[in-house]
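An overview of the molecular structure
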Amino acid sequence: QVQLVESGGGLVQPGGSLRLSCAASGRVFGIAAMGWYRQAPGKQRELVATVTSGGSTNYADSVKGRFTISSDNAKSTVYLQMNSLEPEDTAVYYCHVRRYPALNYWGQGTQVTVSS
């Protein structure tokens, strides 16, 4: 099993920044990718950004140029730097880890609210 602990959510004004962190523990060997998804009220969970163990990144079109995902493989930690936040970014953000061959783990979620 893999345990995920997220931190860094909160309330921020439009145009502000937040940094999310997610630390994995337990069976962290064989991690293929780490990433972030989000779910706004009344909407389906959607991909925000992912990073593979090799460093390849993928972003949702809505966050490109504003969000940056990074990881520290030695610490089994993934980060999401969110800049120029918009009210539409308000959601619960979930950390996700995929282990070989196809095992998926989710964090408990952290609330991000963008409001003036």
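Described below are features of the structure shown in this document. Fair warning: this is a prediction, and the values are worked out from it, not measured in the lab. (Residues numbered from 1 in each chain as written. Predicted model: local features only at pLDDT ≥ 70, side-chain atom pairs only at ≥ 80, totals over all residues. Heavy atoms only, no water.)

Take the overall build of the chain next. For the chain, the count of helices and strands is 0 helices and 11 strands. Tracing the chain from N to C terminus, the helices and strands come up as β-β-β-β-β-β-β-β-β-β-β. For 116 residues, the compact-globule formula gives about 13 Å, and the C-alpha radius of gyration of the chain, at 13 Å, lands near that figure. Taken over 116 residues, the chain has a buried fraction of 43%. (Helix = DSSP H or I, 4+ residues; strand = E, 2+ residues; numbered from the N terminus. Rg over C-alpha atoms; globule rule 2.2 N^0.38 Å. Buried < 20%, exposed > 50% of the residue type's maximum accessible area, 1.4 Å probe, protein only.)

Right, let's talk about the environment of V5 for a bit. Within the element layout of this structure, V5 appears in strand β1 (residues 2–7). Sequence-wise, V5 and S84 are 79 residues apart; in three dimensions their C-alpha atoms are separated by 25 Å. Apart from the residues lying within four places of it in its own chain, the contact partners of V5 are S21, C22, A23 and Q108. (Contact = heavy atoms within 4.5 Å.)

Turning to the side chain of E6, a few remarks are in order. Looking at the element boundaries, E6 is found in strand β1. For the buried residue E6, which engages in no salt bridge, the nearest side chain bearing the opposite charge is R45, 7.9 Å off. Polar side-chain contacts of E6 include one of 2.6 Å to the backbone nitrogen of C95. Of the polar contacts made by the side chain of E6, one reaches the backbone nitrogen of Q108; its length is 3.3 Å. (Lys, Arg positive; Asp, Glu negative; His and termini not counted. Salt bridge = Lys/Arg side-chain N within 4 Å of Asp/Glu carboxyl O. Polar contact = N/O pair within 3.5 Å; in protein donor to acceptor, adjacent residues only side chain to side chain.)

If you look at the biggest cluster of nonpolar residues, it comprises 30 residues, and the most contacted ones within it are W36, L80, M82 and Y93. Those elements that place two or more of their residues in this core are β1, β3 (18–26), β4 (31–39), β5 (46–52), β7 (67–72), β8 (77–82), β9 (91–99) and β11 (110–114). Apart from residues no more than four positions distant in its own chain, M82 is found in contact with G16, S17, L18, L20, R66, F67, Y93 and V112. (Core = buried A, V, L, I, M, F, W, Y, C linked by side-chain atoms within 4.5 Å.)

Our next topic: the pattern of salt bridges. Under the definition given, this model contains 5 salt bridges. Its salt-bridge partner being K64, residue D61 comes within 3.1 Å of it at the nearest N-O pair. Residue K64 is classed as partly exposed on the basis of its relative accessible area, which comes to 49%. The residue D89 makes a salt bridge to R66 at a minimum N-O spacing of 2.7 Å. Of this pair, D89 sits in the loop between β8 and β9 while R66 is found in the loop between β6 (57–59) and β7, placing the two residues 23 residues apart along the sequence.

So yeah, pure geometry; function would need other evidence.
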